[in-house]
Each structure stands twice: as structure tokens, then as C-alpha cells.
Amino acid sequence: MAFNVHILTLFPEMFPGPLGQSLAGKALERGDWAYTATNIRDFADGVHKSVDDTPYGGGAGMVMRADIVEKALLSIDNPGRKIYLSPRGKPLKQALVKELSQAPGLTLLCGRYEGVDQRVLDAHGFEEISIGDYVLSGGEPAAMILMDACIRLLPGVMGNDDTPDNESFGSATGGLLEYPHYTRPAEWNAADGKTYGVPDVLTSGDHAKIEQWRKKQSEELTKQRRPDLLKNA
Ligand code: SAM
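Residues numbered from 1 in each chain as written. Predicted model: local features only at pLDDT ≥ 70, side-chain atom pairs only at ≥ 80, totals over all residues. Heavy atoms only, no water.

Glancing now at the sheet that holds strand β1 (residues 3–9). Within the open sheet, the five strands sit side by side as β2-β1-β6-β5-β7. Their pairing is parallel. One side of each edge strand has no neighbouring strand; the edge strands of this open sheet are β2 (33–39) and β7 (127–130). Ignoring which end each strand starts from, the neighbouring axes of this sheet average 35 degrees apart. In this sheet, strand β6 (residues 105–110) lies alongside strand β5 (residues 81–91) in parallel orientation, the contact comprising five bridges. (Pairing = 2+ DSSP bridges. Helix = DSSP H or I, 4+ residues; strand = E, 2+ residues; numbered from the N terminus. Axes fitted to C-alpha atoms, helices over the stretch in contact; angles between N-to-C directions.)

In C-alpha cells, the structure reads:
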């Protein structure tokens, strides 16, 4: 069964965007995943097809109307898990990505302006998910990030050799950051005039030592850059 994503947006033409390329693009062609992008504006009335209005209580900006968003939502058969991309949401972490990639279907609501009238979120049980502590101008790039992270976990998408559990935040990495990578040439003459080699252990052929070195690097990097991850490791 394909991974099905329904997107509610004011900019359906943004999709598949980058998800039409590379691994995700090939997986889309194969039918490993599918999407529909519904234009919320198609459900607005009047000549101007306005989807937003001023906020009750005053203040800057405009708010997307609950009645129009609801009509767009109800046009979707089998919406599955309903998600509103929002800076106020729970943070998107690898464990949540894994869970979402196994969902039978997802509906992603992309906000614009100041966001969406709270009542439609409450009435339809939308979960709010944030891709990070910063504010985007719209939910579409956030939806693409969530989708990309899920699609690469679908069976067969990354190829046989790659196991996502061995990567940063994966269960085999103990939830830590991944070790550094090196490839040919073994001696690289960089533009700064210096020659950069590769750690000897990686060319030693001693797999146990290589594993040990990688584990240590992973722990050191995590300690330096993301000590918060060590708490759950
Ligand atoms: N007024 C909102 C606030 O302060 O929380 C920000 C609205 S933002 C300009 C417009 C839309 O972009 C939001 O409705 C949401 O869909 C999306 N968005 C912005 N930042 C996001 C983030 N960090 N994660 C997920 N979606 C985000």
C-alpha cells in the first residue's frame, strides 16, 4: 500500500517541488507514495475568493477562515491522520517521522498569514507539528520537509545498503549524531595549500576498530554539538 499524503494549501502548484527529484521523485514514479494537493481557495465564495479575514480581538495580519478550510478538508476521502504544520506544534523528531511514515494516510494543512482559525483545528482534531523554532511564511516548505523525511523511510526507497536506523537520531546510533564520513582521494590537496589525510583506522581494514572509532566519534560529536541528545541515549 502506498504512502498517501493529502495537502491542503493555497499554493498547490508548489508540489511535488523538490519531492519530484532524486530518491523521492523515483519513489513517486514507482508509486511508493502518492499525493493530492487541494487548493483551499477553490472552496471560497465570491468574485475575490477570499480565504482570510481580520482577527477577532484585533492585531496584525489575517487569519484563514474555519468554514473554508473545513470545506476543503471534507472534500478529501480518507484523510487519515490530520496535521496542521505550525510553529506552535510538537517538534518533528525522527521517532515521530518513523511513526508518520507508517500511517495509512496523512492530511497536511499548510497555513499562511497569521495561521488558521483555531476552531477548525479543534473541531477536526488536527495535531500540530513544528519543523523547528523559527517562523516560515507558510506551511508548504514544512510539509515538504515532513514528507521527505517520511518518504526516505518507506521500504525500498533508500536501497538495500542504507538502514535509517544507523543514521543520526536512529535507534542503532543510540539516538546520537552520526560519525564523520570520508572517501577517495586518501590524500586531498585542498585550495588552502594543505594536504588532508584520512584517519588511519579507516584504511586499516580492522572492522572492530573501525566500529569502535565511529562509536567514539558519534559520542564526542553529540557531546559537543547536541548534549541534549545524550540524556535520552
Ligand atoms: N502567527 C504564527 C505564529 O506566530 O505562531 C505564524 C504564522 S506563519 C507566518 C504562517 C504559516 O507558516 C503557519 O500557519 C504554519 O502553517 C507555517 N509555519 C511557520 N513556521 C512553521 C514551523 N516552524 N513549523 C511548521 N509550520 C510553520
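This part takes up helix α2 (residues 66–74). Among the residues making up α2, those that are buried are A66, I68, V69, A72 and L73. Down the axis of α2, the sector holding all buried residues measures 165 degrees, keeping them to one side. Residues of α2 that are buried in the fold lie against β1, β2, β4 (63–64), β5, β6 and α4 (118–123). (Buried < 20%, exposed > 50% of the residue type's maximum accessible area, 1.4 Å probe, protein only. Arc of directions from axis to C-beta. Contact = heavy atoms within 4.5 Å.)

So, about the pairing of β5. Note that the unit made of β5, helix α3 (residues 94–101) and β6 has a crossover that is right-handed. Note: β5 against β7, five bridges, orientation parallel. Residue L85 lies in a different strand from β7, and its bridge partner there is I129. (Right-handed = clockwise from strand over helix to strand, strands pointing away.)

Put simply, the largest pocket is a space of about 1000 Å³. In terms of lining residues, the largest pocket is bounded by 38 residues, among which K93, Q94, A95, V97 and F169 are the most central. Where the lining of the largest pocket is concerned, the elements lending two or more residues are α3 and α7 (227–230). Residue contributions to the lining of the largest pocket peak at five residues, all from α3. Residue classes in the lining of the largest pocket are distributed as 18 nonpolar, 11 polar and nine charged. Within this model, the second largest pocket holds a volume of roughly 680 Å³. Every residue lining the second largest pocket is counted, 34 residues in all, and those nearest its centre are Y84, R112, E114, G115 and V116. Secondary structure elements with two or more residues in the lining of the second largest pocket: β4, α2, β5, α4 and β7. (1 Å grid on protein atoms, 1.4 Å probe; cavity = no way out; pocket = protein on both sides within 12 Å on 5 of 7 lines; lining within 4 Å. Points joined across faces, edges and corners; volume = space filled by probe spheres on them. Nonpolar A, V, L, I, M, F, W, Y, C, P; charged D, E, K, R; others polar.)

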